[in-house]
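Observations on chain architecture
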Amino acid sequence: MAEELFIEKEVSKKEKYEALLPQLKALVDGEPDLIANLANLSAALHEVFAWWWVGFYWVKADELVLGPFQGPIACTRIRFGKGVCGTAWKEQKSLLVPDVNAFAGHIACSSSSVSEIVVPIVDVHQTVVGVLDVDSEKYDTLDETDVHYLELICELISTKL
Ligand code: SME
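**Describing the site of the ligand**
- Residues in contact with the ligand amount to 13 residues; listed here are only the nearest, V84, C85, I107, E116 and D135.
- Take C85: an N or O atom from its main chain is 2.8 Å from an oxygen atom of the ligand.
- In this structure, a nitrogen atom belonging to the ligand sits 3.3 Å away from a side-chain N or O atom of H106.
- Protein contacts shield 99% of the accessible area of the ligand, which totals 300 Å² for the unbound molecule.
- Going through the elements one at a time, β1 (53-60), α3 (83-91) and β6 (128-136) are the ones with two or more residues in the shell around the ligand.
- Per-element accounting of the shell around the ligand gives the leading share, 3 residues, to α3.
- Here the shell around the ligand is composed, by residue class, of 8 nonpolar, 2 polar and 3 charged.

**Some details on the pairing of strand β5 (residues 115-122)**
- The element β5 is largely enclosed, with a buried count of 7 among its 8 residues.
- Bridge analysis of strand β4 (residues 95-97) against β5 gives 3 bridges, and the strand direction is antiparallel. Its bridge partner being in β5, V97 is matched across the sheet by E116.
- The pairing of β5 with β6 spans 8 bridges and is antiparallel. What sits directly across from V122, in β6, is V128.
- Joining the antiparallel neighbours β5 and β6 is a turn of 5 residues, in which Q126 adopts a positive phi near 65°.

**Description of helix α4 (residues 144-158)**
- For α4, which comprises 15 residues, the first-to-last C-alpha distance of 21 Å matches the rise-based estimate of 21 Å (1.5 Å per residue) to within 8%.
- For α4, the full list of buried residues reads D146, V147, Y149, L150, I153, C154, L156 and I157.
- One side-chain oxygen at the N-terminal end of α4 lies 3.0 Å from the backbone nitrogen of T145; it belongs to D143.

**So, the packing of aromatic side chains**
- By the definition in use, this model includes 6 aromatic pairs.
- Where F80 meets W89, the ring centres are 4.8 Å apart and the plane angle is 85°; that geometry is what we call edge-to-face.
- Exposure remark for F80: the relative accessible area of 43% places this residue in the partly exposed category.
- Here W89 falls in the buried class, since its relative accessible area comes to 9%.
- A connected cluster of aromatic rings, assembled from ring pairs, spans Y17, F49, W51 and Y149.

**Notes on the environment of V11**
- In this fold, V11 is placed in the segment before α1 (13-28).
- Separated by 18 residues in the primary sequence, V11 and D29 place their C-alpha atoms 26 Å from one another.

**Re the sheet that holds β1**
- Within the open sheet, the 6 strands sit side by side as β3-β2-β1-β6-β5-β4. Their pairing is antiparallel. The open sheet terminates on both sides in strands that have one partner only, identified here as β3 (77-79) and β4. For this sheet, the mean inter-axis angle between neighbouring strands, taken without regard to orientation, is 25°.
- This element, α3, spans β1, β2 (63-70), β3, β4, β5 and β6 of the sheet and lies at about 40° to β5.
- Across the face of the sheet, α4 comes into contact with β1, β4, β5 and β6 while running at roughly 30° to β5.

Calculation rules
- Residues numbered from 1 in each chain as written.
- Predicted model: local features only at pLDDT ≥ 70, side-chain atom pairs only at ≥ 80, totals over all residues.
- Heavy atoms only, no water.
- Near = heavy atom within 4 Å.
- Polar contact = N/O pair within 3.5 Å; in protein donor to acceptor, adjacent residues only side chain to side chain.
- Areas by Shrake-Rupley, 256 points an atom, 1.4 Å probe, with all protein chains shown as cover.
- Helix = DSSP H or I, 4+ residues; strand = E, 2+ residues; numbered from the N terminus.
- Nonpolar A, V, L, I, M, F, W, Y, C, P; charged D, E, K, R; others polar.
- Buried < 20%, exposed > 50% of the residue type's maximum accessible area, 1.4 Å probe, protein only.
- Pairing = 2+ DSSP bridges.
- Expected span 1.5 Å × (residues − 1).
- Phe/Tyr/Trp six-rings, centres within 6.5 Å; stacked < 30°, edge-to-face > 60°.
- Axes fitted to C-alpha atoms, helices over the stretch in contact; angles between N-to-C directions.
- Contact = heavy atoms within 4.5 Å.

This is the structure we're talking about:
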């Protein structure tokens, strides 16, 4: 596909995701390299939603290690069960954190980030192999609509493992 996204600016979040999903599928279709796909997916999400930080951590032994992302530099390693990312890995479920100050053990890679969503990515055995992490510098932007569509994007990634 052409290396350009077509998303209208003045539409709802849901409409943006609905327009984005097929374009993301087309973007990764035919490209077998995981790093290339994660890099383009993080760039696409950042371009459309302009979040403070969006990217991937990948499971390596007993840690999550920083993968492709868009945004400021970030912590490179997160232990199992630590922070929002390590907790989503441990609990094998998506976490929506509207206020990171209220999440005990939140890892502050950046003091500008105030709310966060982490979605696990699983392989065919339903084992968590990585997480998608979205950070916002605003309190009122991330919600269940984001969780729903980010889960669909992580399911897309699972089909490419
Ligand atoms: N806040 C995350 C750490 C990753 S950075 O935000 C990019 C956490 O608590 O797991």
